Amino acid sequence: AGFIKSPLSQKRLTQDSVELYCEAIGNPIPEIQWWFEGNEPNETCAQLWDGARQDRVKINATYNLHSTSTIYITNLTSDDSGMYECRASNDPDRNHLSKSPKVKWIRSQANVFVIERPDIKAQVDRDSGKLILTCNVTAPYPPIEGHEWMHGEKLLHTDGESSAFTKYVIEGKMEEHSGIYECVYKTSPEIKGQVNISVPPQVTAYKKSEHGNEGDTGVLTCKNPSFPPVSSWVWHKSGQEVSPIVNGSGRYIIKSTGNKTELRILKLSIEEDAGDYHCNASNSQGFGGATVNLRVRSRLAALWPFLGIVAEVLVLVTIIFIYEKRRKPDEVLDGKRCLGKSNATNHKDKNVRQRNAN
C-alpha cells in the first residue's frame, strides 16, 4: 500500500515552497519514486530526482520497516504547477529495462497550483511622533478576508476587512521600535508583505561598570537590540582610539555575533587594565557605541572586610575594658557606705531590745 499524507490539493505563490510526504508499506520493503505531470495538454509524466529543476527539488527517503519519502520544492514558479505522483513497488523487476513488473506500481497523487505572487508596496512614514506602517497589494489577487500585522511571532493587530490597503500605527520613536514587521493578507494562499524599520545601532553595555580581581579574567559585554544587526564591532580603550583592540593580541579575546560582542581580558593588571573601554558598532544605517568602566581590585581586597571586623572587635573590647576599670572604685565605696549604714541599724535595734528587756 502507498499513500500521500500531505493535502491532495495545495495552493502556493511563486517564490514559495511546497512539501509532499509519501509512505508505503510492504514486504519486502517497497521502493518509492516521485513523478510529475504538468498542466500543459501535451506534457508527459516525468520522473523527479534529488537536485532536479536547477537544484530546487530535494528528495529524502528512508527504508526502515516501511518506506517513507519527502519531496521538497523551493522557489516555486508557475511551471511547477501540476500533478505530483508517488509510486511504490517491491517487485524485483520494477526497474528492468525490458521485463514488465509482475506487480504494478501503487500510485498516490496530489495537485499543486502555483499562483503568481501579487506585488505589495510597503513603507514606513513618520507623523507627529508616530510611525505609520502601510501595505498595499496590487491586482490581481485572491479574495481578501482580513488582515494581520505581526512582529516576529507576536500578533499586533487583526481585522476582517477586504481592502487591498492596510496600516498599523506605532506610538513612539523609530529607534525604540526597529525590526521586521509583516502585513498578512488572509487569502488562499496567504499573501505577506514585509515592512522594515531600520535604525543605526542602539548599543548598550550589559553593565556600565565591571569589577575584576587582579590576575583573574575580566569580561566586558555590549549588545545591540535594534535592527538591522551589527555588521562590524570594534573595541578600544579610552585614550587609545587610534589603535583598536585586536582579537587574539596580547591578553585580549573578542567574541562577536550580530547583536552582541564580548571582550575578555586575561590576567587582569591594576596598572594596565583599569579604565574605560568603548564598544563601537556599525550597520547599513550608521554607527553607535557604549562605554564600560573596568575596575581591577587587588588580590588582598577580600581581606579588608575581615580586617575591618577584627578592628571593630578590638575597639569594642578596649572600650569595655576601660569602662570596667573606671567603675570598680565607685562600687567599693558604695559597699562601705552600705556596710556602715547596716551597722548603725543593728546598734539601734540592739538598744531597743535592751530597753524592752529592762
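As the structure is a computational prediction, the values presented were derived from the model and not from experiment.

Participant: Hey, could you run me through the state of the cysteines in this one?
Facilitator: What we call a disulfide is simply a covalent bond connecting the sulfur atoms of a pair of cysteines. Applying the stated criterion to the full structure yields three disulfides. Covalent S-S linkage joins C22 and C86, the inter-sulfur distance amounting to 1.8 Å. Measuring the twist about the S-S bond at about -65 degrees, one finds the C22-C86 disulfide to be left-handed. With a gap of 64 residues between them, C22 in strand 3 (residues 18-24) and C86 in strand 8 (residues 82-89) connect regions that are remote in the sequence. C22 sits in the buried class, given a relative accessible area of 0%. Relative accessible area serves as the criterion here: at 1%, C86 is assigned to the buried category. Each sulfur of the disulfide joining C135 and C183 lies 2.0 Å from the other. A torsion of -85 degrees about the S-S bond marks the disulfide between C135 and C183 as left-handed. In this pair, C135 is assigned in strand 11 (residues 130-137) and C183 in strand 15 (residues 179-185), connecting sequence segments 48 residues apart.

Participant: It is not clear to me how the sheet that holds strand 17 (residues 204-205) should be interpreted in this structure. Could you clarify?
Facilitator: Sheet strands line up and pair through hydrogen bonds in the backbone, either parallel or antiparallel. Pairing is antiparallel across the open sheet formed by four strands, whose spatial order is 17-19-22-21. The strands lining the two open edges of the sheet, one partner per strand, are strand 17 and strand 21 (252-256). Strand direction decides the pairing type here: strand 17 and strand 19 (residues 218-223), joined by two bridges, are antiparallel. Directly across from T204, in strand 19, lies its bridge partner K223.

Participant: Would you mind showing me how to read the sheet that holds strand 15 here?
Facilitator: Spatially, 13-12-15-16 is the arrangement adopted by the four strands of the open sheet, whose pairing is antiparallel. Looking at the sheet topology across the chains shown, the edges are occupied by strand 13 (154-159) and strand 16 (191-197). On average, each strand axis in the sheet is tilted by 20 degrees relative to the strand beside it, whichever way the strands run. Sheet analysis places strand 12 (residues 147-151) next to strand 15, joined by five bridges and oriented antiparallel. Residue W149 lies in a different strand from strand 15, and its bridge partner there is C183.

Participant: Got a minute to help me understand the pattern of salt bridges in this structure?
Facilitator: Two side chains of opposite charge can pair, provided their charged atoms sit close to one another. Enumeration over the complete set of coordinates arrives at 10 salt bridges. The partner of R251 in a salt bridge is E272, with the nearest N and O atoms 3.2 Å apart. Separated by 21 residues along the polypeptide, R251 in the loop between strand 20 (232-237) and strand 21 and E272 in helix 2 (residues 270-273) bring together distant segments of the chain. For R251, a relative accessible area of 24% gives the class partly exposed. When the shortest N-O distance is used, the salt bridge between E262 and R264 registers 2.9 Å. Three or more residues joined by partner-sharing salt bridges are found here, namely R53, R56 and D80.

Participant: Explain the confidence of the model for the protein chain to me, please; I cannot follow it from the model alone.
Facilitator: Note that predicted coordinates carrying low pLDDT should not be read in detail. The share of residues in the protein chain with pLDDT of 70 or more is 86%, and the mean pLDDT across the chain is 87. This model gives residues 332-345 a pLDDT under 50, and the stretch forms zero contacts once residues within four places in sequence are excluded.

Participant: I keep staring at a negative patch on the surface and nothing clicks. Help me out?
Facilitator: Where like charges cluster on the molecular surface, the negative patch consists of E37, E40, E43 and D79. Tracing the chain through its elements places E37 in strand 4 (residues 31-38).

Participant: When you look at unusual backbone geometry in this model, what are you seeing that I'm missing?
Facilitator: Note: most residues except glycine have negative phi, and most peptide bonds are trans. For the bond from A139 to P140, the omega torsion is 0 degrees, close enough to zero to count as cis. When you line up the elements, P140 lands in the loop between strand 11 and strand 12. One non-glycine residue, D55, adopts positive backbone phi at about 65 degrees. Among the secondary structure elements, D55 is positioned in helix 1 (residues 52-55).

What counts and what doesn't
Residues numbered from 1 in each chain as written. Predicted model: local features only at pLDDT ≥ 70, side-chain atom pairs only at ≥ 80, totals over all residues. Heavy atoms only, no water. Disulfide = S-S within 2.5 Å. Helix = DSSP H or I, 4+ residues; strand = E, 2+ residues; numbered from the N terminus. Buried < 20%, exposed > 50% of the residue type's maximum accessible area, 1.4 Å probe, protein only. Pairing = 2+ DSSP bridges. Axes fitted to C-alpha atoms, helices over the stretch in contact; angles between N-to-C directions. Salt bridge = Lys/Arg side-chain N within 4 Å of Asp/Glu carboxyl O. pLDDT = per-residue confidence, 0-100. Contact = heavy atoms within 4.5 Å. Patch = residues over 30% accessible without salt bridge, like charges linked within 9 Å, V, L, I, M, F, W, Y side chains within 5 Å. Areas by Shrake-Rupley, 256 points an atom, 1.4 Å probe, with all protein chains shown as cover. Lys, Arg positive; Asp, Glu negative; His and termini not counted. Charge placed at Lys NZ, Arg CZ, Asp CG, Glu CD.

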